[in-house]
Amino acid sequence: MSTTFKGLALFSSGPHRLTVSRQGQLVLSEAFETPPAPGSRYIGPVELRIEISGRLIAASESALWLLRDAMTAQLLDPPAPGLLVDSHGRNFADMSFVRFAPLGPVDRGRMLSLAYTARFLRFRQYPQ
Amino acid sequence: MLIISPREVAFGGAVWTGIAAAVVDRSAAQTIEEFGENGPYAAFADVPRQRVRVRIVQDVVGEEGHTAPGPGQEAVLSITMAQAGRPRSRRLSTKAVILAVEHEVSLKRGSVRTITLAAVSIDGAADPITIESL
């Protein structure tokens, strides 16, 4: 199965990998507080952050732009959360697509391709 | 591609003589190898940048001094070669820039000059090497 966001197979044109970033408490050092202290202060659990790194692959310039446009069309303002499902069927609910970043220019070889990262956040609260 | 004893090799207006062989090598200047989440093997590979090098191996007799080719010179390189079993010749052409001119001297082989050239595409998309029948 392919990775989907809101039921859309945005990433299926090429190989991609999904990384679930660190989870747990956001902890700040008290060393720079007034007065300084040797301990740490917990702020609360960090937001769930998922990065997908992959490559869009197409046979033509226009086909590659279709893939890019389909991706960036999901970068909504304000963000609208949806279900992210990885290629092994793991569900991540309430995820917002917040960033699409090409990792360089389009590579033109046998195929046209573009390496990218896509970032998803589970915001702590809506609206902000 | 290996061309043994081509009939004629010309670089711009100069005809290079005593050519033992001409070689066209192609290699990847940049490769892409992408892996997915399904297993250990690459799921996509491509070569978005290629280098095409032409090497001319020339037997050098006598002194040439400053008329010898030098790095940075650009011209159309044409190599005329015979076709086995056919009366017509073929000509390989490419716009090329000389990258290196190196000599090897030995008692056994005498003086051998190797000229290495970068083949340059007209527009970056077309193969820089063209071959035509004469």
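Residues numbered from 1 in each chain as written. Chains lettered and ligands numbered in written order. Predicted model: local features only at pLDDT ≥ 70, side-chain atom pairs only at ≥ 80, totals over all residues. Heavy atoms only, no water.

Draft legend 1. View of unusual backbone geometry. Residues and elements named next belong to chain A. Of note, the bond from Thr34 into Pro35 is cis; its omega dihedral lies within 30 degrees of zero at -5°. With respect to the helices, strands and loops of the structure, Pro35 is situated in the loop between β3 (25-29) and β4 (40-45). Geometrically, the link from Asp77 to Pro78 is a cis peptide bond, its omega value of 0° lying close to zero. You can see Pro78 is positioned in the loop between α1 (61-72) and β6 (82-85). Phi is positive for Asp94, close to 65°, though the residue is something other than glycine. (Helix = DSSP H or I, 4+ residues; strand = E, 2+ residues; numbered from the N terminus.)

Draft legend 2. Representation of a nonpolar patch on the surface. Residues and elements named next belong to chain A. Residues Leu26, Leu28 and Ile43 make up a contiguous nonpolar surface patch of roughly 240 Å² in combined accessible area. For Leu26, the position within the fold is in strand β3. With relative accessibility at 32%, the residue Leu26 sits in the partly exposed group. (Patch = residues over 30% accessible without salt bridge, like charges linked within 9 Å, V, L, I, M, F, W, Y side chains within 5 Å. Areas by Shrake-Rupley, 256 points an atom, 1.4 Å probe, with all protein chains shown as cover. Salt bridge = Lys/Arg side-chain N within 4 Å of Asp/Glu carboxyl O. Buried < 20%, exposed > 50% of the residue type's maximum accessible area, 1.4 Å probe, protein only.)

Draft legend 3. Expanded view of the nonpolar core. Among the nonpolar cores identified, the biggest contains 22 residues, and A:Phe11, A:Ile50, A:Ile52, A:Met71, A:Leu84, A:Tyr116 and A:Phe120 are the most heavily contacted of them. Mapped onto this core, the elements with two or more residues apiece are β5 (48-58), α1, β7 (91-102) and β9 (112-122) of chain A. Once you skip the residues sitting within four places of it in the chain, A:Leu84 turns out to touch A:Thr3, A:Thr4, A:Phe5, A:Leu18, A:Ile50, A:Ile52, A:Arg90, A:Asn91, A:Phe92, A:Met95 and A:Phe120. B:Val52, B:Val54, B:Ile56 and B:Leu117 belong to the second-largest nonpolar core, a separate cluster that totals 21 residues. (Core = buried A, V, L, I, M, F, W, Y, C linked by side-chain atoms within 4.5 Å. Contact = heavy atoms within 4.5 Å.)

Draft legend 4. Local environment of the confidence of the model for chain B. Averaged over all residues, the pLDDT of chain B is 91; the fraction at 70 or higher stands at 97%. Across the predicted assembly, pTM comes out at 0.84 and ipTM at 0.85. (pLDDT = per-residue confidence, 0-100.)

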